[in-house]
Amino acid sequence: MNFKNIVVFILIIALVGAASYCAISGVELGKIKIPSAREKIGLGLDLAGGVYVVLEAQSNETGTELDKKIEQSMAIIRQRVDSLGVAEPNIVKEGNNRIRVELAGLKDTQQAIDMIGKTAQLQFIDPEGNIIVTGKNVKNSEVVFQKGSTGVQEPVVSLEFDKEGAKSFAEATKRLSAKTADEDKVIFIVLDDKIISSPVVRATIDNGSAVIEGGFDVESASELAALIRAGALPVELKEVQTSIIGPTLGLEALDRSIYAGAIGLILIFLFMIIVYRIPGVIADIALSIYVLLVLGIMIALEVKLTLPGIAGLILSIGMAVDANVVIYERIKEELRAGKTLRTAVDSGFKRALSSVLDSNITTFIAGIVLYYFGTGSIKGFGVTLIIGIVASMITAVFITKFLLKLFIGTNITKNSKLYGA
Amino acid sequence: MNFIQKRNIFFALSALVIIFGISYGLITGLHYGLDFTGGTMLQIDFGKTVPVEDIRKITDKFDTKASIIHAGANKEEVIIKSIVDLDNQERNEIFTKFKEEYGLKDEALIQSQKIGPAIGNEIQRKALLSIVLATIGILIYTSFRFEVKFGIAAIIALIHDALVVFAVYAAFHIPLDSTFIAAILTIVGYSINDTIVIFDRIRENLKLMKKESYEDIANISIKQTLSRTINTTLTTLIAIVTLYILGVDAVKDFAFPLIVGMIAGTYSSVFIASPIWYLLKTKSKESIV
């Protein structure tokens, strides 16, 4: 017997055991706390509960023009969402003209949808009711400080228009400032039919940037600036797809799926030991490493776990064993052909490698297509499938080979029956 | 067993399942999921069983054709599906009415979905495109690694699997939706494994047994890899059947077609792919001579 190999082998088993325990229940050692995998992995909307809305830009524009508007709209939506206090909102562009907004763990979903999707028409209107500029002409608006009439620094709201806006604003201010009465010089800033500010024009403003002054404190000034900015959705957005999922549905699904996964895993463990004996045990160790690896990669890449994702994960466990089965069947054949244990293992791995590689790459192709063309939870399924394939290649080929050779090196038994022959 | 010689029996068996399933489905009507048709869905937990007629009293104002299904462990939940595209306000209105009528809390709304008709069409189109692309990708890869005849045989087997899954969906009236596409793609990706392991062996044996006929080589290769084919299918089936038995409804909907597809995939690897490769191989030889 080779004691060095035995020690290494036992160490590895202990390490895998400890890591598995950590992943399942988490560990607290004094000040160091390692959370369990379940706490660490982010949950997708279908599990955490929440809402997603897909908004479509109602515009005939294409190309960079459209891109720009979508980018702007996304920035505005982000602001609106931030005001809801949602942790980690996910706002992504989908296709050319759509925006997908995902908000996890939100209580008042109806209100959120209303607020996000609202075009919130911002208009600057003169006293005669003519629209001077609209929200799409406003490039920026923020709080700045300038010396007021009393000589103190006062907060004011700055406005910055785009080229087109600057031109119309110059014309209007020229026209209005020529009037005599103050009430004829007013520009009403209207957001969704509500007047949010009504500054009086003092002079012609032809450089495209203006300030609104008048008794603001910092808070009210920044509120107005935010309203003007957020009101400037450059294009009308229509709600084309919505999904609201209550928090209870997802949690039940998660718990039952974890339970199902655990039972499935145990059954596969037993199956492998019964059919393949010692290599079966090795495959089980490799499979444990595989599951840890996949969970680790998911945590590291911050992949959100979705319901189809869990299904993909459990499926990939089944498939991860596939490579082991291919290799072990080959080793069995080699043993039956009268080869010694060591040569049988070597040639078994070598000759099975091409089919393992080919079959995994083809599944990989399907995974890529799912990831690329799928949306939402289907994408999640694609991601777990891809991660699963990569991890299973590593564990089933390299780790199993290493462990199996290590075990044979211990010289505990040379009985080829225990190797499945 | 001679897999190649009895090929017509296997082909006929598959054709029977596919033709019967699909035509039964077509005659009785195919069901499409919400994400393919577009429409609205609400799932509400009433905390007690509410008769369909009572639900209709409220939903009829929006859509008289809406489908009402009881769900959940105690059938206390109700799923309302309509192909009418109701906006946020209208959905809110429906839920508020139920809330008032049955004294429900906000949490009673388990889920609510709306999919615009254009999106539905697009999802359908993308879904078909993704299946076609995955198939082409796999065909190119297999043709490159083996030879075109292996590639074609593998693809025919894959189309067979997809058709069987479709036939099962059609016959059992499972709604066709994105999950269906994900299931088909998974099957396509998985079933090719079995096929490739057998083809890999045929390729190897072609070099080793120069004197044997294609029929013998195909048969020997299938037999040599048979226990592996069965064992890998078993391990994956163990995982997915447990998921089906213990999982929630949404998972079950996904697990069931996977189980069917996996069995179809294994069947096609052994009984369809290799015989087709044999046919392609011998046909081309005749034409050369």
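Residue positions within a chain follow its written sequence, with the count starting from 1. Labels are handed out in written order, letters beginning with A for the chains and numbers beginning with 1 for the ligands. Reporting in this predicted model follows two pLDDT cut-offs: at least 70 for local features of residues, and 80 or more for side-chain atom pairs to be given and counted; totals over whole chains, interfaces and linings ignore these cut-offs and use all residues.

Each helix and strand counted, chain B has nine helices and four strands in total. Secondary structure of chain B in N-to-C order comes out as α-α-β-α-β-β-α-β-α-α-α-α-α. Taking 2.2 N^0.38 as the reference for a compact globule, 289 residues should give roughly 19 Å; the C-alpha atoms of chain B span a radius of gyration of 24 Å, well beyond that estimate. Dimensions of chain B, computed from the C-alpha atoms along their principal axes, are close to 80 × 35 × 30 Å. In this scheme the burial state of a residue depends on its C-beta neighbours within 10 Å: 20 or more other such atoms mean buried, 12 or fewer mean exposed, and anything in between means partly exposed; the C-beta positions come from the backbone. By the burial criterion, 48% of the 289 residues in chain B qualify as buried. Contact between two residues is assigned whenever their backbone-derived C-beta positions fall within 7 Å. Considering only intrachain contacts with a sequence separation of at least 6, the fraction spanning at least 24 residues in chain B is 79%. Labels follow the DSSP assignment, with helices taken as runs of H or I lasting at least four residues and strands as runs of E lasting at least two, numbered in each case from the N terminus. Our radius of gyration is a C-alpha quantity, and the globule rule it is checked against amounts to 2.2 Å times the number of residues to the power 0.38.

Our focus in this paragraph is helix 6 (residues 148-171) of chain B. Residues and elements named next belong to chain B. For a helix, the expected span equals 1.5 Å multiplied by the number of residues minus one. Under the 1.5 Å per step criterion, the end-to-end length of helix 6 is 34 Å for 24 residues, consistent within 8% with the ideal 34 Å. Across the 24 residues of helix 6, 18 count as buried, placing the element largely inside the fold. A positive backbone phi angle near 55 degrees is found at histidine 173, which sits one or two residues after helix 6.

Our next topic: the domain arrangement of chain B. Per the domain assignment, the segments of chain B are domain 1 (7-33 + 119-288) and domain 2 (39-115). Where each domain starts and ends comes from a domain assignment, either automatic or drawn from a database. For domain 1 of chain B versus domain 2 of chain B, the distance between C-alpha centres works out to 39 Å.

This part is about the domain arrangement of chain A. Per the domain assignment, the segments making up chain A are domain 1 (3-43 + 247-419), domain 2 (50-119 + 236-244) and domain 3 (122-230). In this structure, domain 1 of chain A and domain 2 of chain A have C-alpha centres spaced 39 Å apart.

Another point: the sheet that holds strand 2 (residues 67-71) of chain B. Note on pairing: DSSP must find at least two bridges between two strands before they are called paired. Spatial ordering of the open sheet is given by 4(A)-5(A)-3(A)-13(A)-4(B)-1(B)-3(B)-2(B), a layout of eight strands whose pairing is antiparallel. In this open sheet, the two edge strands, each paired with only one partner strand, are strand 4 (90-94) of chain A together with strand 2 of chain B. Strand-to-strand twist in this sheet, taken as the mean axis angle between neighbours without regard to direction, amounts to 15 degrees. As defined by bridge partners, strand 1 (residues 39-45) of chain B adjoins strand 3 (residues 77-82) of chain B across six bridges and the pair is classed as antiparallel. Paired with Thr40(B) across the strands is Ser82(B), a residue of strand 3 of chain B. Its contacts with the sheet place helix 4 (residues 88-102) of chain B against strand 13 (237-245) of chain A together with strand 1 and strand 4 (109-115) of chain B, and it is angled at close to 25 degrees to strand 1 of chain B. Think of each axis as a best-fit line through the C-alpha atoms, taken over the contacting stretch in the case of a helix, with angles from 0 to 180 degrees between the N-to-C directions.

Each partner contributes to the interface: chain A provides 53 residues, whereas chain B provides 54 residues. Those elements giving two or more residues to the side of chain A that touches chain B turn out to be helix 5 (109-117), strand 13, helix 8 (247-300), helix 9 (307-336), helix 10 (341-373) and helix 11 (377-409) of chain A. The greatest single-element share of the side of chain A that touches chain B, amounting to 14 residues, is contributed by helix 8 of chain A. Judged from the five bridges that link them, strand 13 of chain A and strand 4 of chain B form a sheet pairing that is antiparallel. Pairing of Ile245(A) across the sheet is with Gln111(B), part of strand 4 of chain B.

Below, the discussion takes up the packing of helix 10 of chain A against helix 7 (residues 178-208) of chain B. Orientation of helix 10 of chain A relative to helix 7 of chain B, taken along the N-to-C sense of each, is 165 degrees, at an axis distance of 8 Å. As the angle between them shows, helix 10 of chain A and helix 7 of chain B are arranged roughly antiparallel. Crossing angle aside, the handedness with which helix 10 of chain A passes helix 7 of chain B is right-handed. Contacts from Ser354(A), Ser355(A), Asp358(A), Ser359(A), Thr362(A), Thr363(A), Ala366(A), Gly367(A), Val369(A) and Leu370(A) of helix 10 of chain A reach helix 7 of chain B at Ala182(B), Leu185(B), Val188(B), Gly189(B), Tyr190(B), Ile192(B), Asn193(B), Ile196(B), Val197(B) and Asp200(B). Within the contact of helix 10 of chain A with helix 7 of chain B, the residues separate by chemical class into ten nonpolar, eight polar and two charged. The scheme is simple: roughly parallel for angles under 35 degrees, roughly antiparallel for over 145, roughly perpendicular for 65 to 115, oblique for anything else. Take the far helix as your reference; a near helix turned counterclockwise from it by less than a right angle gives a left-handed crossing, and one turned clockwise gives a right-handed crossing. As a working rule, the residues Ala, Val, Leu, Ile, Met, Phe, Trp, Tyr, Cys and Pro are called nonpolar, Asp, Glu, Lys and Arg charged, and the rest polar, with Gly in that last group.

Known as pLDDT, the predictor's confidence for each residue is given on a scale from 0 to 100. Taken over all residues, the pLDDT of chain B has a mean of 86, while the share at 70 or more is 98%. In the model output, the complex is listed with pTM 0.75 alongside ipTM 0.82.

On to the nonpolar core. The nonpolar core is taken to be a set of buried Ala, Val, Leu, Ile, Met, Phe, Trp, Tyr and Cys residues joined by way of C-beta atoms within 7 Å. Among the nonpolar cores identified, the biggest contains 172 residues, and Ala311(A), Val165(B), Ile184(B) and Leu185(B) are the most heavily contacted of them. Looking at this core, the element that brings in the most residues is helix 8 of chain A, giving 20 residues. Non-local contacts of Ile184(B), meaning those with residues more than four positions away in its chain, are made with Ile131(B), Ala162(B) and Val165(B). With 23 residues, the next largest nonpolar core counts Leu122(A), Val133(A), Leu176(A) and Ala225(A) among its residues.

Turning our eyes to something else, we now look at the pairing of strand 10 (residues 188-191) of chain A. Residue and element names in this part refer to chain A. Of the strand pairs in this sheet, strand 6 (residues 122-125) and strand 10 are connected by four bridges, and their pairing is antiparallel. By the bridge assignment for strand 10, glutamine 123 is matched with valine 190. Strand direction decides the pairing type here: strand 10 and strand 11 (residues 194-197), joined by three bridges, are antiparallel. Residue pairing in the sheet places valine 190 in a bridge with isoleucine 195 of strand 11.

Attention now moves to the sheet that holds strand 12 (residues 209-212) of chain A. All names here are of chain A. An order of 8-9-12 is seen for the three strands of this open sheet, with the pairing classed as antiparallel. Of all strands in the sheet, those with a lone pairing partner are strand 8 (138-147) and strand 12, marking the two edges. Neighbour-to-neighbour, the strand axes of this sheet turn through a mean angle of 30 degrees, independent of strand direction. Pairing of strand 9 (residues 153-161) with strand 12, which is carried by four bridges, proceeds in the antiparallel orientation. When the sheet's bridge partners are listed, serine 158 is paired in strand 12 with valine 211.

Here the focus is the environment of Ile125(A). Residues and elements named next belong to chain A. On the secondary structure map, isoleucine 125 appears in strand 6. Sequence separation between isoleucine 125 and isoleucine 195 is 70 residues; the distance between their C-alpha atoms is 9.8 Å. Residue contacts for isoleucine 125: discarding those within four places in its chain leaves Asn130, Ile131, Ile132, Phe188 and Val190.

So, on to the environment of Gln72(A). All names here are of chain A. Along the chain, the position of glutamine 72 falls in helix 4 (residues 63-84). A residue is classified by how many C-beta atoms lie within 10 Å of it, and glutamine 72, with 16 of them, is partly exposed. Here the alpha-carbon distance between glutamine 72 and leucine 233, two residues 161 residues apart in the chain, equals 7.3 Å.

Turning our eyes to something else, we now look at the environment of Ala320(A). Residues and elements named next belong to chain A. Within the secondary structure layout, alanine 320 lies in helix 9. Here alanine 320 falls in the buried class, since 29 other C-beta atoms lie within 10 Å of it. The spacing of alanine 320 and glycine 388 is 68 residues in sequence and 7.7 Å in space, taken between C-alpha atoms. Dropping the residues within four chain positions of it, alanine 320 is found in contact with Leu287, Tyr290, Gly388, Ser392, Thr395 and Ala396.

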